Amino acid sequence: MLTLTEISNFNRMDFPTKVAYLRFKYHANMLDVNNVLNQLGIISDDSANRNNKQHFATLIEDVFPRLGINADCLLHADEEP
């Protein structure tokens, strides 16, 4: 669900950014859904892990660059500058 601030900002976005933002919300929510299904025992640990990796990879590789988020800092956070 979008908050009022998100809606006002959403209305000012150009169309490709709106699509990227909605894709971000979808993939982030799917991470939560997979974790809940795993905790309820509906899907196995391996299946939840595989699905989460897929959704997180989509966020990092596709959605973040379209939103202007630098994903390199997330991928190399353990390395020293």
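Since the structure is predicted, the reported quantities are computational estimates derived from the model, not experimental observations.

What to know about helix α2 (residues 15-39)
Taking 1.5 Å of rise per residue, 25 residues should cover 36 Å, and α2 covers 37 Å from first to last C-alpha, within 8% of that figure. Gly41 occupies a position one or two residues after α2 and carries a positive phi of about 80°.

A closer look at the environment of Phe64
Within the secondary structure, Phe64 sits in helix α3 (residues 45-67). Considered as a pair, Phe64 and Phe24 are 40 residues apart in the sequence and their alpha carbons are 7.9 Å apart.

Some thoughts on the side chain of Asn38
Its place among the elements puts Asn38 in helix α2. You can call Asn38 buried: its relative accessible area is 19%. There is a polar contact of 3.0 Å between the side chain of Asn38 and the side chain of Asp45. If sequence neighbours within four positions are ignored, Asn38 has contacts with Ile43, Ser44, Asp45 and Ala48.

Side note on the confidence of the model for the protein
Across the protein, pLDDT averages 82, with 80% of residues at or above 70. α2 holds the highest mean pLDDT among the elements of the protein, 90, whereas helix α4 (residues 72-75) holds the lowest, 68.

Notes on the nonpolar core
Counting 6 residues, the largest nonpolar core consists of Leu31, Leu59, Ile60, Val63, Phe64 and Ala71. The element best represented in this core is α3, accounting for 4 residues. Residues in contact with Ala71, not counting those within four places in the same chain, are Ile60 and Phe64.

Remarks on the packing of α2 against α3
Between two packed helices, the angle of one axis relative to the other and the distance separating the axes together describe the packing. Two elements in contact, α2 and α3, have axes whose closest approach is 9 Å; the angle formed by their N-to-C orientations is 165°. By the angle class used here, α2 and α3 are roughly antiparallel. Note on packing geometry: the crossing formed by α2 with α3 is left-handed. Its residues assigned to classes, the contact of α2 with α3 comprises 13 nonpolar, 9 polar and 4 charged.

With respect to the side chain of His55
Among the secondary structure elements, His55 is positioned in helix α3. Residue class for His55 comes out buried when judged on its relative accessible area of 10%.

Some points on the pattern of salt bridges
The tally for this structure, following the rule as stated, stands at 2 salt bridges. A salt bridge links Asp62 to Arg23; the nearest nitrogen and oxygen atoms lie 2.4 Å apart. Taken together, the positions of Asp62 in helix α3 and Arg23 in helix α2 put the pair 39 residues apart, joining distant regions of the chain. Judged by relative accessible area, Asp62 falls into the partly exposed class, the value being 22%. Residue Asp62 is joined to Arg66 by a salt bridge in which the shortest nitrogen-to-oxygen separation is 2.9 Å. Here Arg66 and Asp62 lie together in helix α3, a separation of 4 residues that amounts to about one turn. Shared partners join several salt bridges into a network, and the residues in it are Arg23, Asp62 and Arg66.

What counts, and at which threshold
Residues numbered from 1 in each chain as written. Predicted model: local features only at pLDDT ≥ 70, side-chain atom pairs only at ≥ 80, totals over all residues. Heavy atoms only, no water. Helix = DSSP H or I, 4+ residues; strand = E, 2+ residues; numbered from the N terminus. Expected span 1.5 Å × (residues − 1). Buried < 20%, exposed > 50% of the residue type's maximum accessible area, 1.4 Å probe, protein only. Polar contact = N/O pair within 3.5 Å; in protein donor to acceptor, adjacent residues only side chain to side chain. Contact = heavy atoms within 4.5 Å. pLDDT = per-residue confidence, 0-100. Core = buried A, V, L, I, M, F, W, Y, C linked by side-chain atoms within 4.5 Å. Axes fitted to C-alpha atoms, helices over the stretch in contact; angles between N-to-C directions. Parallel < 35°, antiparallel > 145°, perpendicular 65-115°, else oblique. Left-handed = near helix turned anticlockwise from the far one by under 90°. Nonpolar A, V, L, I, M, F, W, Y, C, P; charged D, E, K, R; others polar. Salt bridge = Lys/Arg side-chain N within 4 Å of Asp/Glu carboxyl O.

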